[in-house]
Amino acid sequence: MALLNVFDVAGSAMAAQSVRLNTTASNIANAQSVAANPDETYRARHPVFAQQLATQQQLMGQSGAAAQNGGAGVQVLGIVESQAPLEMRYEPDHPYANEDGYVAYPNVSVVEEMANMISASRSFQLNVEVLNTAKTLAERVLNLGQ
């Protein structure tokens, strides 16, 4: 992998972690929201990531394990809603309570979302360090001829 490809890989990883941070923030912001209809209640969302294959290796005709192991970054395939059941709370005086007195709250675990936020933030920071290190290495390579 060329030194300049490091910038592409780290940049795509930072973009992916930004998506992860945004979905986590959205989940936390909607953790206590309710709707009149349980089908309209907010459901936790999670990004789906995939390895982005290096197009140069594919163009050069490499196949099999060589092409599969030659990642060129992270790609966000999409954002999916959690299929976990909603949290039903007994609140008979709530205006959105059903006939049994239960209100459907989102299937968001704030503790799990905070762990996701810390992990995404740390991953983003590590990729910034990778970019800084690659920049320093590139500067040193340029200064070798002096």
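The present account deals with the structure reproduced in this document. (Residues numbered from 1 in each chain as written. Predicted model: local features only at pLDDT ≥ 70, side-chain atom pairs only at ≥ 80, totals over all residues. Heavy atoms only, no water.)

## A word on the overall build of the chain
Here is step 1 of the chain: Secondary structure assignment for the chain yields four helices and four strands.
Here is step 2 of the chain: The linear arrangement of helices and strands in the chain, starting from the amino end, is α-β-α-α-β-β-β-α.
Here is step 3 of the chain: In the chain, buried positions account for 23% of the 146 residues.
Here is step 4 of the chain: Residue pairs in contact within the chain that sit at least 24 positions apart in sequence constitute 64% of those at least 6 positions apart.
Here is step 5 of the chain: Of the accessible surface of the chain, which amounts to about 9,400 Å², a share of 55% is contributed by carbon and sulfur atoms. (Helix = DSSP H or I, 4+ residues; strand = E, 2+ residues; numbered from the N terminus. Buried < 20%, exposed > 50% of the residue type's maximum accessible area, 1.4 Å probe, protein only. Contact = heavy atoms within 4.5 Å. Areas by Shrake-Rupley, 256 points an atom, 1.4 Å probe, with all protein chains shown as cover.)

## Some words on the environment of Pro95
Here is step 1 of the chain: Tracing the sequence through the fold places Pro95 in the loop between β3 (87–90) and β4 (102–105).
Here is step 2 of the chain: Remark: the alpha-carbon pair of Pro95 and Ala35, spanning 60 residues in sequence, is separated by 9.8 Å.

## Notes on the side chain of Ser82
Here is step 1 of the chain: Residue placement: Ser82 occurs in the loop between β2 (71–81) and β3.
Here is step 2 of the chain: Here the side chain of Ser82 touches Asn107 through a polar contact of 3.4 Å, side chain to side chain.
Here is step 3 of the chain: Once residues within four sequence positions are removed from consideration, Ser82 is found in contact with Arg43, Ala44, His46 and Asn107. (Polar contact = N/O pair within 3.5 Å; in protein donor to acceptor, adjacent residues only side chain to side chain.)

## Quick notes on helix α1 (residues 3–29)
Here is step 1 of the chain: Look at α1: 40 Å from first C-alpha to last across 27 residues, which is about the 39 Å you get at 1.5 Å a residue.
Here is step 2 of the chain: Turning to α1, its buried residues number three or more, namely Ala10, Ser12, Ala13, Met14, Ala16, Gln17, Arg20, Thr23, Thr24 and Asn27. (Expected span 1.5 Å × (residues − 1).)

## Looking at the environment of Val103
Here is step 1 of the chain: With respect to the helices, strands and loops of the structure, Val103 is situated in strand β4.
Here is step 2 of the chain: For the pair formed by Val103 and Asn37, sequence separation is 66 residues and the distance between their alpha carbons is 9.5 Å.
Here is step 3 of the chain: If sequence neighbours within four positions are ignored, Val103 has contacts with Val34, Glu87, Met88, Arg89, Glu91, His94, Tyr96 and Ala97.

## Thoughts on the packing of α1 against helix α4 (residues 110–142)
Here is step 1 of the chain: Running from amino to carboxyl end, α1 crosses α4 at an angle of 160 degrees, the nearest separation of the two axes being 9 Å. Here α1 lies roughly antiparallel to α4, going by the angle between them. Where α1 crosses over α4, the handedness of that crossing is left-handed.
Here is step 2 of the chain: Class assignment of the residues belonging to the contact of α1 with α4 gives a composition of 19 nonpolar, nine polar and three charged. (Axes fitted to C-alpha atoms, helices over the stretch in contact; angles between N-to-C directions. Parallel < 35°, antiparallel > 145°, perpendicular 65-115°, else oblique. Left-handed = near helix turned anticlockwise from the far one by under 90°. Nonpolar A, V, L, I, M, F, W, Y, C, P; charged D, E, K, R; others polar.)

## Focus on the packing of aromatic side chains
Here is step 1 of the chain: Scanning all chains against the criterion turns up one aromatic pair.
Here is step 2 of the chain: Here the basic side chain of Arg89 rests over the ring of Tyr105, its NZ or CZ set 3.9 Å away from the ring centre. (Phe/Tyr/Trp six-rings, centres within 6.5 Å; stacked < 30°, edge-to-face > 60°. Lys NZ or Arg CZ within 6 Å of the ring centre and 35° of its normal.)

## Details of α4
Here is step 1 of the chain: The terminal C-alpha atoms of α4 lie 48 Å apart, and with 33 residues this matches the ideal 48 Å at 1.5 Å per residue to within 8%.
Here is step 2 of the chain: By the burial criterion, the buried members of α4 are Glu113, Ala120, Asn127 and Ala134.
Here is step 3 of the chain: Against α1 and β1 (45–53) lie the buried residues of α4.

## Quick look at the pattern of salt bridges
Here is step 1 of the chain: As enumerated under the stated definition, the model contains two salt bridges in all.
Here is step 2 of the chain: The residue Glu81 makes a salt bridge to Arg45 at a minimum N-O spacing of 3.1 Å. Residue Glu81 is found in strand β2, and its partner Arg45 is found in strand β1; the two are separated by 36 residues along the sequence.
Here is step 3 of the chain: Note that Arg89 and Glu87 form a salt bridge whose closest N and O atoms lie 2.9 Å from each other. (Salt bridge = Lys/Arg side-chain N within 4 Å of Asp/Glu carboxyl O.)

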